[in-house]
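Residues per chain are reported as follows:
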Amino acid sequence: MASSRSRIRYVCTVCGGQQSRWMGQCPHCGSWGSLEETAPQTSSAAGSREQGVPRPSPIEEVDQSVKQPVSTGSDPVDSLLGEGLMPGSVLLLGGDPGVGKSTFVLQLMGGYCRQGGSAVYITGEETLAQVRQRAQRLEVLGSGIRALYTTRLEDVLGLLESDPPGMLVLDSIQTLASGEAEGTAGSPAQVRACASALTEAARSANTALLLLGHVTKEGQIAGPKLLEHMVDTVLYLEGEKQQTYRVLRAVKNRFGPTSNLLVLTMVQQGLHIVHDPSTFFLRARDPELSGTAVVMAMEGQRAFAIEVQALASRSFFSVPRRTSLGFDTNRLHLLLALMEKKLNLDMAGVDLYARIGGGLRLQEPALDLG
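Please read these numbers as outputs of a predicted model, since none were measured by experiment.

Basis of the calculations
- Residues numbered from 1 in each chain as written.
- Predicted model: local features only at pLDDT ≥ 70, side-chain atom pairs only at ≥ 80, totals over all residues.
- Heavy atoms only, no water.
- Salt bridge = Lys/Arg side-chain N within 4 Å of Asp/Glu carboxyl O.
- Helix = DSSP H or I, 4+ residues; strand = E, 2+ residues; numbered from the N terminus.
- Pairing = 2+ DSSP bridges.
- Axes fitted to C-alpha atoms, helices over the stretch in contact; angles between N-to-C directions.
- Core = buried A, V, L, I, M, F, W, Y, C linked by side-chain atoms within 4.5 Å.
- Buried < 20%, exposed > 50% of the residue type's maximum accessible area, 1.4 Å probe, protein only.
- 1 Å grid on protein atoms, 1.4 Å probe; cavity = no way out; pocket = protein on both sides within 12 Å on 5 of 7 lines; lining within 4 Å.
- Points joined across faces, edges and corners; volume = space filled by probe spheres on them.
- Nonpolar A, V, L, I, M, F, W, Y, C, P; charged D, E, K, R; others polar.

**Here we look at the pattern of salt bridges**
- Taken as a whole and judged by the stated rule, the model has eight salt bridges.
- Where Arg 254 meets Asp 232, a salt bridge forms, and the shortest distance between an N and an O atom there is 2.8 Å. Of this pair, Arg 254 sits in the loop between β10 (245-253) and β11 (261-267) while Asp 232 is found in the loop between α8 (226-230) and β9 (233-238), placing the two residues 22 residues apart along the sequence.
- By sharing partners, the salt bridges in this structure join Arg 152, Glu 154 and Asp 155 into a single network.

Quick look at the structure:
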């Protein structure tokens, strides 16, 4: 009994860190109440480890042959991913509800199938009739996309074993549940178990796996943070529902550059790529207005012109307001301190509001001048 208790571990559902005893706060990520008890190691698992120990091999003897990426049918999307979809890779696409994740992946699957690939769309949120209606509106019917409704992990693993497609889309990872994991669908334990099993199966079958995930109110993908470390590529689809444009951003990519972005615009036939973002974001600009400046910004490997807007008004409060949209508020505080110190400008009695035109979110240092 004492030996069994000594093997019990407490795993953080946010970062995946392990502890030998329960703690109120995870020492790795600082999350409260995130440590969950895991089952002790069984004797069968220990026996299987004793039967065969893997031996490391010299790195110069490692096979250098690599898989060739497959085109998605869109050169801008291929450039964002690296050179296309890598067989056996796992991608994670996150975004707010209604931002257009399902629309984007259906268009991506249509282009992939037109290049001769095979794709399967697995949904646990919509009926197959709803998926067909969207595919008809996006004009991808007849391209060879197959669809399946299920919320069981075992069904997906069976498909990857018996008839693996070149591309598999799961919408979404939070709707899938495994009978061998604890908790309900969408819980950290279920998301972690399902993602781990799917990743291993997709790589064994050389299938490009695309997982769709919901985001929290903080803008992070829901579920354990370990999920983003397990996959090869993490994409975020950003945008306001009141705006017609969307921004597809790569925050992690093992096969290409990170921090790249793609500007899309939502129309009746789906998401269309904006090839000249500068013209798109500056088309409504009025150069006669004060408080605006046009600056060149680099995001990833793309440069485009954007408008920075600022407004200063007399404050009626003892502590003036400082509001920024599209960039870090602490950056605004730093710039105001420099202006007060070096330019002798008195900012203590005014409210200040600054934003990036078009609703973009950027971290480009060149924005400071604007």
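**Considering the sheet that holds β10**
- Strand order in this open sheet of nine strands is β6-β5-β7-β8-β4-β9-β10-β11-β12, and the pairing throughout is mixed. The sheet is open, and its two edges are formed by β6 (145-149) and β12 (270-273), each paired on a single side. Neighbour-to-neighbour, the strand axes of the sheet open up by a mean angle of 25°, direction not taken into account.
- Bridge analysis of strand β4 (residues 90-95) against β9 gives five bridges, and the strand direction is parallel. When the sheet's bridge partners are listed, Gly 94 is paired in β9 with Tyr 236.

**Section: the nonpolar core**
- Leu 93, Met 167, Leu 210 and Leu 248 are the most contacted members of the largest nonpolar core, which has 32 residues in total.
- Among the elements that line this core, the one with the most residues is helix α4 (residues 101-114), at seven residues.
- In this structure, Leu 153, Val 156, Ala 195 and Met 230 belong to the second largest nonpolar core, which totals 26 residues.

**Some remarks on empty space enclosed by the protein**
- Under the defined criterion, the tally for this structure stands at three cavities of 30 Å³ or more.
- One number sums up the size of the largest cavity: a volume of about 60 Å³.
- Lining of the largest cavity is provided by Glu 238, Gly 239, Glu 240, Tyr 245, Val 247, Arg 249, Gly 359, Leu 360 and Arg 361.
- When residues of the lining of the largest cavity are assigned to their parent elements, the largest contribution, three residues, is made by β10.
- Of the residues in the lining of the largest cavity, the class split is three nonpolar, two polar and four charged.

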